[in-house]
Amino acid sequence: MKRLPKSYYHQTAIKLAEEMLGKILVRKLNKTYLHCRIVETEAYMGTVDKASHAYKGKHTKRKMNLYQPGGSVYVYSIYGIYYCLNIVVNDQKSAESVFIRAVEPLNHLDTLQQNRPVKSKKTVDLTNGPSKLCQALIIDKSLNGINLATSDDIFLVSDGYHPDRIVKTQRINIDYAKEDKDNLWRFYIKGNDFISK
DNA sequence: GTAAAGATCCACT
DNA sequence: GTGGATCTTTACT
């Protein structure tokens, strides 16, 4: 298994959102390496995308981590209770990012289960949503600004797997984005059980 | 200082 | 299918 180099992240969000499907997200917790395959993503095109936090190049305190070099992690809190994981890509001025919506756990399912105290014991409910996977992998604001190309706590590797078929569709829950909401910037692996609704 | 909304999830009818 | 949780961040007075 090979870690993806810094240069990998210097492509557009649209290209990488699709390319990252099938790659493995590694999260180190207590000397244990949790492996999850990325199965669903969305592209956010930064300053030119009405759905993006960086639309029109807005800078606020929270958004500083979007204006980082490719491979940086951008975690933000939503609805006061949850977190969402983004990977900053391309040139840092454009503030593009890939939003990780769902992953498929490959090992240590018991650990993920412990991290997410909910009634459902179904495996799919562990990571089939952007905030679910953050809970299961303990991804929070402390990871903000970390770079996947150099960190040991969280990074991406490839095992050579390539999805058979990829579905392109509209992004979810971004009605506020008006004319940008219909762009086909959501990607997922067809037939995978862990796709969010 | 105050108010409003949100790249979601869960429980319940 | 629907509503409530819950609080950070942002925008505006």
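Here the structure is shown first, and the text comes after it.
In this numbering scheme, every chain counts its residues from 1 along its sequence in written order. Each chain takes a letter, starting from A, and each ligand takes a number, starting from 1, following the order in which they are written. Where totals are concerned, whole chains, interfaces and linings use all residues; where local detail is concerned, this predicted model gives features only for residues with pLDDT of at least 70, and gives and counts side-chain atom pairs only at 80 or more. To get the side-chain values, all heavy atoms of the structure are used, and hydrogens and water are removed first.

### Quick word on the overall build of chain A
Next, step 1: Comment: elements are numbered from the N terminus, with helices defined as DSSP H or I runs of at least four residues and strands as E runs of at least two. When its secondary structure is counted, chain A shows four helices and nine strands.
Next, step 2: Listed N to C, the secondary structure of chain A is β-α-β-β-β-β-β-α-α-α-β-β-β in terms of helices and strands.
Next, step 3: Referenced to the eigenvectors of the C-alpha coordinate spread, the extents of chain A come out at roughly 45 × 35 × 35 Å.
Next, step 4: Partly exposed describes any residue whose relative accessible area lies between the buried limit of under 20% and the exposed limit of over 50%, with all areas from a 1.4 Å probe on protein chains only and scaled to the type maximum. Looking at chain A residue by residue over its 197 residues, the buried ones come to 52%.
Next, step 5: For chain A, the proportion of contacts with a sequence separation of at least 24, taken over those separated by at least 6, is 62%.
Next, step 6: Accessible surface for chain A amounts to roughly 9800 Å². Of this, 49% is attributable to carbon and sulfur atoms.
Next, step 7: Of note, chain A has its 31 positive side-chain charges centred 4 Å away from the centre of its 20 negative side-chain charges. Residue contacts are defined here by distance: any two heavy atoms, one from each residue, within 4.5 Å place the two residues in contact. Exposure was quantified through the Shrake-Rupley algorithm and a 1.4 Å probe, taking into account, for residues, occlusion by the shown protein chains and nothing else. In this tally, Asp and Glu contribute negative charge and Lys and Arg positive charge; neither His nor the terminal groups of the chain are included. To locate a charge, take atom NZ for lysine, CZ for arginine, CG for aspartate or CD for glutamate.

### With respect to the protein's contact with DNA strand C
Next, step 1: If you check the shell around DNA strand C, you find Lys58, Thr60, Arg62, Lys63, Ser77, Tyr79, Gly80, Ile81 and Lys141 and nothing else.
Next, step 2: Counting only the atoms of DNA strand C that lie within 4 Å of the protein, the sugar and phosphate share comes to 77%.
Next, step 3: Within 3.5 Å is the distance limit for a polar contact, defined as a pair of N or O atoms, with the added protein rule that one can donate a hydrogen and the other accept it, and that residues adjacent in sequence qualify only through two side-chain atoms. Note that a phosphate oxygen of DNA strand C is positioned 3.2 Å from one of the side-chain N or O atoms of Lys58.
Next, step 4: In this structure, a base oxygen belonging to DNA strand C sits 3.4 Å away from a main-chain N or O atom of Gly80.
Next, step 5: The residue inventory of the surface near DNA strand C, partitioned by class, reads two nonpolar, three polar and four charged. Note on definitions. A residue lies near a molecule or strand when any single heavy atom of the residue is within 4 Å of it. Just so you know the grouping, Ala, Val, Leu, Ile, Met, Phe, Trp, Tyr, Cys and Pro go in nonpolar, Asp, Glu, Lys and Arg go in charged, and all remaining residues, Gly too, go in polar.

### Let's talk about the nonpolar core
Next, step 1: Residues enter a nonpolar core if they are buried and are Ala, Val, Leu, Ile, Met, Phe, Trp, Tyr or Cys, with the set joined through side-chain atoms within 4.5 Å. Counting 45 residues, the largest nonpolar core has Tyr9, Met20, Leu85, Ile139 and Leu156 as the members making the most contacts within it.
Next, step 2: In contact with Leu85, not counting residues within four places along its chain, are Leu25, Val73, Tyr74, Val75, Val98, Phe99, Ile100, Leu133, Cys134 and Ile139.
Next, step 3: The next biggest cluster of nonpolar side chains, apart from the first, holds 13 residues, and it includes Tyr44, Tyr76, Phe99 and Ile174.

### Some details on the side chain of Arg101
Next, step 1: Along the chain, Arg101 falls in strand β6 (residues 96–105).
Next, step 2: Side chain to side chain, Arg101 and Ser196 meet in a polar contact 3.2 Å long.
Next, step 3: For Arg101, the contacting residues outside a window of four places in its chain are Glu40, Thr41, Glu42, Asn128, Gly129, Pro130, Leu133, Ile172, Arg186 and Ser196.

### Here's the deal with the pattern of salt bridges
Next, step 1: What makes a salt bridge here is a side-chain nitrogen of Lys or Arg within 4 Å of a carboxyl oxygen of Asp or Glu, nothing more. For the coordinates displayed, the defined rule picks out 11 salt bridges.
Next, step 2: It is possible to trace a salt-bridge network through shared partners that takes in Glu40, Glu42, Arg101 and Arg186.

### Some thoughts on the protein's contact with DNA strand B
Next, step 1: Surrounding DNA strand B, one finds 21 residues, the nearest of these being Tyr76, Asn86, Arg116, Asn173 and Tyr176.
Next, step 2: A share of 53% is what sugar and phosphate atoms reach among the atoms of DNA strand B within 4 Å of the protein.
Next, step 3: The contact in question runs from a base nitrogen of DNA strand B to an N or O atom on the backbone of Gly80, over 3.4 Å.
Next, step 4: The separation between a phosphate oxygen of DNA strand B and a polar side-chain atom of Asn173 is 2.8 Å.
Next, step 5: Secondary-structure elements contributing two or more residues to the surface near DNA strand B are β4 (73–78), β5 (82–89), β6 and α4 (130–136).
Next, step 6: Taken together, the residues of the surface near DNA strand B sort by class into 11 nonpolar, six polar and four charged.

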